[in-house]
Amino acid sequence: RYGLPHLSVEEKEQVRSGTLLARRVAQAAETLTNAGKPWAIENPKWQQGKASIFGLDEYLALARLPNVTIGHFVQCMMGAKTPKETTVMSHKIDVSSFPSACSHPKQWWRFPSSGRWHWGAHPPARGTEWAIPAASWQPRMLRKRPPSGPFVTKSLAAYPAEMNRRLALLHVRAAKQSVLDALAA
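Attention here is on the structure that accompanies the text.

Rules and cut-offs
- Residues numbered from 1 in each chain as written.
- Predicted model: local features only at pLDDT ≥ 70, side-chain atom pairs only at ≥ 80, totals over all residues.
- Heavy atoms only, no water.
- Helix = DSSP H or I, 4+ residues; strand = E, 2+ residues; numbered from the N terminus.
- Rg over C-alpha atoms; globule rule 2.2 N^0.38 Å.
- Contact = heavy atoms within 4.5 Å.
- Pairing = 2+ DSSP bridges.
- Salt bridge = Lys/Arg side-chain N within 4 Å of Asp/Glu carboxyl O.
- Buried < 20%, exposed > 50% of the residue type's maximum accessible area, 1.4 Å probe, protein only.
- Core = buried A, V, L, I, M, F, W, Y, C linked by side-chain atoms within 4.5 Å.
- Phe/Tyr/Trp six-rings, centres within 6.5 Å; stacked < 30°, edge-to-face > 60°.
- Axes fitted to C-alpha atoms, helices over the stretch in contact; angles between N-to-C directions.
- Expected span 1.5 Å × (residues − 1).

Details of the overall build of the chain
Scanning the chain from terminus to terminus reveals three helices and six strands. The N-to-C order of helical and strand elements in the chain reads α-β-α-β-β-β-β-β-α. What you see for the chain is a C-alpha radius of gyration of 20 Å, clearly larger than the 16 Å of a compact globule of 185 residues, by over 25%. Taken along its principal axes, the extent of the C-alpha atoms in the chain is 70 × 40 × 25 Å. The long-range fraction of contacts in the chain, counting pairs at least 24 apart against all pairs at least 6 apart in sequence, stands at 56%.

Some points on the sheet that holds strand E5 (residues 117-120)
Judged by pairing direction, the sheet is antiparallel, and its three strands sit side by side in the order E5-E4-E6 without closing on themselves. The open sheet terminates on both sides in strands that have one partner only, identified here as E5 and strand E6 (132-133).

Looking at the pattern of salt bridges
Under the definition given, this model contains four salt bridges. Glu58 is the salt-bridge partner of Arg23, the closest N and O atoms lying 2.6 Å from each other. Here Arg23, found in helix H1 (residues 9-34), pairs with Glu58, found in helix H2 (residues 57-63); they are 35 residues apart in sequence, far enough to count as distant. Overall, Arg23 belongs to the partly exposed group, its relative accessible area being 33%. Overall, Glu58 belongs to the buried group, its relative accessible area being 18%.

Quick word on the nonpolar core
Membership of the largest hydrophobic core is limited to twelve residues, which are Ala22, Ala26, Ala29, Trp39, Ile41, Trp46, Phe54, Leu56, Tyr59, Leu62, Val68 and Met89. Of all elements in the fold, only H1, strand E1 (39-44) and H2 reach the threshold of two or more residues within this core. Ranked by residue count, the leading element in this core is H1, at three residues. When neighbours within four sequence positions are excluded, Ala26 is seen to be in contact with Glu58, Tyr59 and Leu62. Core analysis: the next-biggest nonpolar cluster, separate from the first, contains ten residues, Met163, Leu167, Leu170 and Ala174 among them.

Overview of the packing of aromatic side chains
Ring pairs (aromatic) are described by centroid distance and by the angle formed between their planes. Scanning the entire structure with this criterion turns up five aromatic pairs. Considering the side-chain rings of Trp46 and Phe54, the 6.0 Å spacing of their centres and the 45° angle between planes classify their relative orientation as tilted. Judged on exposure class, the residue Trp46 and its partner Phe54 are both buried. Where Trp108 meets Trp117, the ring centres are 5.5 Å apart and the plane angle is 85°; that geometry is what we call edge-to-face.

Thoughts on the sheet that holds strand E3 (residues 85-91)
Across the sheet, which stays open at both edges, the three strands sit in the order E1-E3-E2 with antiparallel pairing between neighbours. Sheet topology places E1 and strand E2 (68-74) at the edges, where each strand pairs with a single neighbour. Neighbour-to-neighbour, the strand axes of the sheet open up by a mean angle of 20°, direction not taken into account. Sheet topology places E1 next to E3; six bridges connect them, and they run antiparallel.

Some details on unusual backbone geometry
The backbone of Lys84 shows a phi angle near 40°, a positive value even though the residue is not glycine. Among the structural elements, Lys84 can be located in the loop between E2 and E3. Phi angles above zero are rare outside glycine, and Lys92 is one such case at about 65°.

Here we look at helix H3 (residues 161-184)
Taking 1.5 Å per residue, 24 residues should reach 34 Å; H3 reaches 35 Å between its end C-alpha atoms and fits that length. Inspection of H3 places Met163, Arg166, Leu167, Leu170, Ala174 and Ser178 among the buried residues, and these make up the whole buried set. Of the surrounding secondary structure, the elements contacted by the buried residues of H3 are E2.

So yeah, pure geometry; function would need other evidence.
Right, dumping it as structure tokens:
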């Protein structure tokens, strides 16, 4: 039911395993919601028509539960190297104060090995080398091919410290409020 028809056997197994985990997380979130407890689930920005855990039936059902919200924000305004647009579905945790758009100024970037130009607020996250500010580029950096090695996107997996701090504060506040609500009931 999930995945694309042209996937390899290995990719189909990854989709099956990932979908199973995502569905179990949704079940846990539903249990927490029914108990009045806070939770938050983060994933890359959800865009209609594109694959996302938020498009799974379990998440669509979660979104209809009381006090479940969906928020979008960019991580670059909290220290990430790229915008890394993000969606958070949550219960009793409000991320609406997180920055929803990048306001960094645009500039010219160059890929060291090719000299190729890029105009944007951030270096593009593709390939095996980061673009650098154009003023730092020198012709001696040119190479016949880009460096081998891990893709630059691998370094974007970790959350920026400021985002971690803000999410932790929201979770602590929501947990405290949950305890106060339980005591008042």
